[in-house]
Amino acid sequence: SGARWVAPAAATNGGADGFRHISVGASEDEHAVKATAGTLYSITVTNTNAAVRFLKCENDTAAGTAPGTDTPEIGLAIPGATTGAGFTTTFPLGYSFSTALTCWIVTGAADSDVAEVAANELMVFYTFK
């Protein structure tokens with residue numbers, strides 16, 4: 001017998017969930033992506049400020065996360081351009097969070113940075129399960 005090919009088909013169940021966040025310019029733009037344990041599959045982020053910005057994510061609930069004092073598990077630089085810049089990064093096998101997934105956006109690279117970004121300058125989209 002030979003191999004049998006199956007064409008991919010859209011489904012209404014399975015697959016990843018999505019979460020979208022637009023910067024609000026307050027509280028380090030901390031946002032709970034997933035309030036329970038889960039797996040992160042991708043991050044897409046755009047930045048319309050000319051300066052680089054930083055996305056940081058932690059394995060903790062929003063209530064347990066303290067930007068500026070906690071060490072993030074993920075820290076990524078977001079390129080800047082007034083016409084829009086950014087990136088997409090994927091985790092094909094998934095990046096596991098045993099507690100929850102909370103992220104925040106600040107202007108500096110240091111783990112201690114809490115300088116807030118402006119409202120509406122960054123858009124982030126996550127896929128997770």
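Everything numeric in this text was worked out from a predicted model, so none of it was measured.

*Asks:* Please give an account of the environment of Thr44 that cites residues and values.
*Replies:* Structurally, Thr44 can be placed in strand β3 (residues 38-47). Given the relative accessible area of 30%, Thr44 is considered partly exposed. Separated by 43 residues in sequence, Thr44 and Phe87 have C-alpha atoms that sit 5.8 Å apart. Here Thr44 is in contact with Phe87, Thr88, Met123, Val124 and Phe125, once residues within four sequence places are set aside.

*Asks:* How would you explain the sheet that holds strand β2 (residues 31-34) if you had to name every residue and give the values?
*Replies:* Judged by pairing direction, the sheet is antiparallel, and its four strands sit side by side in the order β2-β7-β4-β5 without closing on themselves. Where the open sheet ends on each side, the last strands, each with one partner, are β2 and β5 (74-78). Between one strand axis and the next, the sheet turns by 25 degrees as a mean value, whatever way the strands run. In this structure, strand β4 (residues 53-58) lies alongside strand β7 (residues 101-106), joined through five bridges in antiparallel fashion. For Phe54, the partnering residue across the bridge sits in β7 and is Val106.

Calculation rules
Residues numbered from 1 in each chain as written. Predicted model: local features only at pLDDT ≥ 70, side-chain atom pairs only at ≥ 80, totals over all residues. Heavy atoms only, no water. Helix = DSSP H or I, 4+ residues; strand = E, 2+ residues; numbered from the N terminus. Buried < 20%, exposed > 50% of the residue type's maximum accessible area, 1.4 Å probe, protein only. Contact = heavy atoms within 4.5 Å. Pairing = 2+ DSSP bridges. Axes fitted to C-alpha atoms, helices over the stretch in contact; angles between N-to-C directions.

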